[in-house]
Amino acid sequence: MQALVPQLTTLAVLLPAIGALLGALTFLIWPTLKAELAHGHDDHHGHDDHAPEAPTASSKWAHYVAMSLTTGSVLAATVISWTLFIGLNNGTAEPVTTHWFTWFSAGPWAVTFGTMLDKLSATMLIVVTSVSACVHVYSWGYMAEDASKRRFFIYLSAFTFAMLMLVTAPNLVQMFLGWEGVGVCSYLLIGFWFHKASANAAAIKAFIVNRVADAAMLVGLFALAATFGTLTYSEIFAKVDAVSATNSYAISFIALFLFIGAMGKSAQFGLHTWLPDAMEGPTPVSALIHAATMVTAGVFLLCRMSPLYEAAPQVLHIVGYVGAITAIFAATVGLTQTDIKRVIAYSTCSQLGYMFFAIGVSAYPAAMFHLTTHAFFKALLFLGAGSVIHGMHHEQNIFNYAKSGYVLRKVLPITYGLMWLGSLALAGIPPFAGYFSKDLVLESAFAAPGGWGLPLYAIGTLAAMLTAIYGFRIIFMSFHNKPKVDEAHAKPTKAKSKKEAHHDDHHHTPHESPWIMLVPMLPLAFGAVLSGWLLHNMGTLEWWDGSIVIHHAHSALHDAHHIPEFFKKLPLILAISGITLAFYLFAEYRGIPKRISQLLPIPYAISLNKWYIDEIYQVLWVNPTASVARFFAEWGDKKGIDGLLNGGAATVRDFGQWLRGAQTGYVYHYAYAMLLALTLGLGYLLWKTM
Amino acid sequence: MSLLTSNMLSLLIFLPLVSAFITYITPARYTKQVALGLSLIPLALCVPLFLQFNSALAGLQFTESHTWLPAFNIRYTLGIDGLALPLIGLTALLTPLCLIASWHVQKNPQGFFAAFLALEAFVIGVFSAQDFILFYLFWEAMLIPMFLLIGLWGGENRVYAALKFFLYTFVGSVLMLIAGLWLYNVTGSFSLEVWQNTVLPLGAQKWLFLAFFAAFAVKVPMFPFHTWLPDAHVQAPTAGSVILAGVLLKMGAYGFLRFCLPMFPEGSAYFAPMVFTLSAIAVVYAAFIAYVQTDIKKMIAYSSVSHMGFVTLAAFSGTVTGLHGSLLVMLNHGIVSAGLFLGVGVIYERLHTRQLANFGALAKIMPAYAFVMMILTLAAVALPGTNSFVGEFLALLGSWPTAPIYTAIATTGVVFGALYMLHLYRGIFYGDASETVLHHTAELKDLTCREWLTFLPLLALIPLLGVMPSLAQNLWQQPVQAISAEYLPALKAQIAHQPGIPQIMPETEQLSTPIVTETLALETISGTIVSATVPVTPTTSAH
């Protein structure tokens, strides 16, 4: 086994790339087809304008060849990843670093391509490949009607490759390659339906917000390189103690700037604005990229860099508070959103906040544990939401499910059951996965030395209750409807928009999703139910075999088991009350939420409008950028530099004309001029000599 | 063969010149075929040039030296090192691509193609001349075909743009000429080698630097001498823009590396803070302006100014890393911006407009074109894996130790760079089709074979140099070491003298001292070497 580990790791990383490349080659054999040129499938109004032409035999081949190649390669990568993970777990495989070849070298820097396999990257490998494989298979059904589905699969596989490069990189530059690579794939997939203006805007927003974070991260990398003289993980970690002894300021600077980079990718408060908009992408993309894998890259990075962060305790405090703020902020927003995907997106944001505040109290294992369980149950929730959207013909507003007049739990019974499992895991109800990991996060916060984590615990516990409420709000609002809908109860808060009215006219019958979509949800459901129990060793430092380092003074994780029993149970009690409350508010007495919103208009408006962050940024960043750019173009270049030059040219011309005026032709003018010059010149010489 | 190798550079200069003459007298019917055929000869000659070039040798190779005007000790001296070689290769590659892209030139094709070949000759001359007068001759001669290309085959406002281009560059060059004559008075020679071995007093170095700076800063172009570039690009025909962005801009940066840094190291170091400032401004300022342009050619022109800011910043940082980065950005920008201007040409040929508002939804109508432009766009935003990334990364990494604040400012350029490039791409390819597009759907054929031919070499180079930049870096190892050894000590002394230059973490350099002990850490490309290591030994534990 051990002899094969390096090759297997390399293969696992490269397989999705090979799949994507082979899939892309189908474009050489079957160039873009007529059907692909027509309008694609569309989340909002796709059912009325997609695939106007019957697919020909060759077009079917083109798609199925590409889809099989990509899906097959990712499935193979999944099998290899699990082999490696299990091997590392039972000791038949050892951590190993592979060097492929030198990427670039200049001056003191030599950066190689390669892989680094240890418990941390192996965990990420199984998370990424498993969810990716499920999403690939699911997309066969979800994207079945899309005219350019092979492009979709190529992007998915390319994303998987970039993500694997990110997690298995042995140095920060290759990590950055994966980091930017997933960003581009995310951009391409959010904007997959590129004829939609909203999708394009969301795609660009995602890329730019991430680039802002990446610029900070690059600064962190440059500072790190200058301080440590290397960009390779193992060499950095070996030097941390020496550097922190002489230059702890540099360590804090580096840690802070790398964290800003992580905030962008992991949608932490302040840089989260792209994530809800990213829901413009097809739902399988949301499940894979914007829930389970890419957005967790920031958490992974901080865990990977744990030796560095352990030497920067002030930065850890910042990480903790940013995480906690994100957790509560996103939870409050999730309460009032009406789009099923956006609710889950804010939930993701909130759960990522939990992971960061676990890191803040140095409970990296708890963060990674929650990352793993969250990947399963959140992907399950998204795919379930996708199944509902698919069954409801691209309706995403949960209030419209209520109005549809169908009882969704009867129409979509399997999806309904799976959504229950996912939501219970999200809410942290034992024995589901989220219970183990989320409780560990909260207990670690409570046990943080000196009690500095108590506010985090309080915020997190409150957010846990909100999580249960918004999680089950989806279940009860979407699935628990009366057959003949009672208008008084189910009236949406907003007036029907034109588009929604247009939808109502169609009267499609909702249907349960095909097996090709339901079957890939089963492994995820298995993970959502059992991964917390099966993988609970992830919550201990020992399990990580040195891939995570914790300073002995940062004993939060260690002491997490010794906190008072009441505070251990409190999150669970609140979660159960949250679910109960949700049942009454959103299944039984649906008039109450409306009353509450009328009674508390200001909090309601803040939550509904996502704390007005987008509006604030519009004023703070977007508008000034455009104004400054226009100012530069108009006053800097046109009127400033060119104005000066044209003015200069005019001056030369005027001066020439003035000189011409001096050429009078009168001899005595010249004589006087000569006399004057002579006097001045002689006078100057005299003055100099004296 | 020995005759060929010993006169290789002369051949590379005079073959295109003769070709230009032949092209000019060929009947119009065959002009383009003849010109293209002839332009392939220098490209073919580049194969032995690259193969026989020994990157391990310091100093010049393929040297030729003949007496020319003995009265003034002016010699016909040619020779190249690793700085010039890749740029000569780029010129020889881009010229045939430009000719293919100009297949539909109607107006006086003989003149057009002849001017292009002459331009190639003069540009290669600039990169291989080792005698100042010869260098100056090529430097100025190059203006003439370019002036004609813009002024005769350009857009509606071509005369203004051509004059602006000519005057700007000419004024800068005159100052360089005066400085050159002064140096001749001091050294009695025009040989660049002699100049390089002459130690000049600081006062003289300052003035000489400024005079040469005037010529090169205009050419790069650096802020605030850049305003000729957008006008020239907008008015120039597609091929003119390609060669302008691809090669001509690099002449300025090449000049800095050939003249300023090695010949006037103290003078360059004295003005380095100014160059850093102008470079950082250029990166951000030009990116902002690019974002609000409505003309797509202008956008790409401003993006050139922004990218060249990285080049000058990194060049004057003086570290080996920075110089590597600077040269890589030069080369890669030559590839990517050439591709982008070719791309603009594709759509201009079909719709005869360059206004961003006149496009839209082309991804649906021209998918192959959309694919090509997406690759180029990703390369332009320096996505890792594309060629531009390593260059920009090394440029910034290398600039950090000597100019951290400026580097941090320039780093924000990656945000604005992405902003305007994605804005540009969305405007052309996504969203709803504009009226113009709807009315001309029939003309909007996807890429033709001829157009694919122009893109393919560039598309191949993007991932190749992205994953193996060492292919190019190995060429310039020696000159980079030499320049850094001359200039970096001067710059460090300068920084030490001026406490006003902001530096974060001054102590960090002492700790790692990457720039003091910059030794060549070259790893040979090896197969899969496997080493089993436990990644980290936990020095501390919670238990």
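Quick note: structure is the one above.
Notes on the structure follow. As the structure is a prediction and not an experimental result, all values here were calculated from the model. (Residues numbered from 1 in each chain as written. Chains lettered and ligands numbered in written order. Predicted model: local features only at pLDDT ≥ 70, side-chain atom pairs only at ≥ 80, totals over all residues. Heavy atoms only, no water.)

Structural notes on the overall build of chain B
1) Next: Along the backbone of chain B there are 25 helices and 3 strands.
2) Next: Relative to the globule expectation of 24 Å for 543 residues, the C-alpha radius of gyration of chain B, 23 Å, shows essentially globular dimensions.
3) Next: Across the 543 residues that make up chain B, the buried fraction comes to 65%.
4) Next: Partitioning the contacts of chain B with sequence separation of at least 6, the portion at a separation of at least 24 is 81%.
5) Next: In the form shown here, chain B has an accessible surface area of approximately 18000 Å², with 68% of it arising from carbon and sulfur atoms.
6) Next: Across chain B, the 19 positively charged side chains and the 22 negatively charged ones have centroids separated by 10 Å. (Helix = DSSP H or I, 4+ residues; strand = E, 2+ residues; numbered from the N terminus. Rg over C-alpha atoms; globule rule 2.2 N^0.38 Å. Buried < 20%, exposed > 50% of the residue type's maximum accessible area, 1.4 Å probe, protein only. Contact = heavy atoms within 4.5 Å. Areas by Shrake-Rupley, 256 points an atom, 1.4 Å probe, with all protein chains shown as cover. Lys, Arg positive; Asp, Glu negative; His and termini not counted. Charge placed at Lys NZ, Arg CZ, Asp CG, Glu CD.)

Topic: the interface of chain B and chain A
1) Next: Between chain B and chain A, the contact holds 87 residues from the first and 83 residues from the second.
2) Next: Residues Asp 642 of chain A and Lys 164 of chain B are paired through a salt bridge, measuring 2.7 Å at the closest nitrogen-oxygen approach.
3) Next: The interface formed by chain B and chain A holds 12 residue pairs in polar contact (both at pLDDT 80 or more) in total.
4) Next: By residue number, the principal contributor to the side of chain B that touches chain A is helix 20 (residues 413-429) of chain B, which donates 10 residues.
5) Next: Tallied by class, residues from the side of chain B that touches chain A come to 54 nonpolar, 25 polar and 8 charged. (Salt bridge = Lys/Arg side-chain N within 4 Å of Asp/Glu carboxyl O. Polar contact = N/O pair within 3.5 Å; in protein donor to acceptor, adjacent residues only side chain to side chain. Nonpolar A, V, L, I, M, F, W, Y, C, P; charged D, E, K, R; others polar.)

With respect to the packing of aromatic side chains
All names here are of chain A.
1) Next: According to the stated counting rule, one finds 83 aromatic pairs over all chains in the structure shown.
2) Next: A centroid spacing of 6.2 Å and a plane angle of 10° characterise the contact between Tyr 584 and Tyr 589, whose relative ring orientation is stacked.
3) Next: Residue classification places Tyr 584 among the partly exposed positions, given a relative accessible area of 42%. (Phe/Tyr/Trp six-rings, centres within 6.5 Å; stacked < 30°, edge-to-face > 60°.)

Side note on the nonpolar core
1) Next: Membership of the largest hydrophobic core comes to 439 residues, with the highest contact counts inside it found for Tyr 309 of chain A together with Phe 132 and Phe 212 of chain B.
2) Next: In terms of residue count, the dominant contributor to this core is helix 7 (residues 197-228) of chain A (19 residues).
3) Next: Tyr 309 of chain A has contacts with Ala 255, Leu 258, Phe 259, Leu 302, Val 315, Leu 316 and Tyr 364 of chain A, leaving out every residue within four places of it along the chain. (Core = buried A, V, L, I, M, F, W, Y, C linked by side-chain atoms within 4.5 Å.)

Overview of a nonpolar patch on the surface
All names here are of chain A.
1) Next: Together, Ile 602, Ile 606, Tyr 612, Ile 616, Leu 620, Trp 621 and Val 622 make up an exposed nonpolar region whose accessible area comes to about 690 Å².
2) Next: For the nonpolar patch, the secondary structure elements donating two or more residues are helix 29 (601-608) and helix 30 (613-662).
3) Next: Considering each element in turn, the nonpolar patch owes the most residues, 4 residues, to helix 30.
4) Next: Among the structural elements, Val 622 can be located in helix 30. (Patch = residues over 30% accessible without salt bridge, like charges linked within 9 Å, V, L, I, M, F, W, Y side chains within 5 Å.)

Some remarks on the pairing of strand 1 (residues 96-106) of chain A
All names here are of chain A.
1) Next: Among the 11 residues of strand 1, 10 are classified as buried, and the element is accordingly described as predominantly covered.
2) Next: Pairing of strand 1 with strand 2 (residues 109-117), which is carried by 8 bridges, proceeds in the antiparallel orientation. Within strand 2, the residue paired with Thr 102 across the bridge is Thr 112. (Pairing = 2+ DSSP bridges.)

Concerning the environment of Ile 289 of chain B
All names here are of chain B.
1) Next: Topologically, Ile 289 is positioned in helix 13 (residues 265-291).
2) Next: Given a relative accessible area of 0%, Ile 289 falls into the buried group.
3) Next: Sequence separation between Ile 289 and Tyr 302 is 13 residues, and the spatial gap between their C-alpha atoms is 6.9 Å.

Brief notes about the pattern of salt bridges
1) Next: The tally for this structure, following the rule as stated, stands at 16 salt bridges over all chains.
2) Next: Between Arg 211 of chain A and Glu 180 of chain A there is a salt bridge; the shortest N-O distance is 2.7 Å. Of this pair, Arg 211 of chain A sits in helix 7 while Glu 180 of chain A sits in helix 6 (residues 172-190), and the two are 31 residues apart along the sequence. Accessibility classification places Arg 211 of chain A together with Glu 180 of chain A in one group, the buried group.
3) Next: Of the charged contacts, one joins Asp 231 of chain B and Lys 164 of chain B as a salt bridge, the two residues approaching to 2.7 Å between their closest N and O atoms. Of the two residues, Asp 231 of chain B sits in helix 11 (residues 228-235) while Lys 164 of chain B sits in helix 8 (residues 158-187), which places them 67 residues apart along the sequence.
4) Next: Bridged by salt links that share partners, the residues Lys 205, Asp 277, Arg 342 and Asp 614 of chain A form one connected network.

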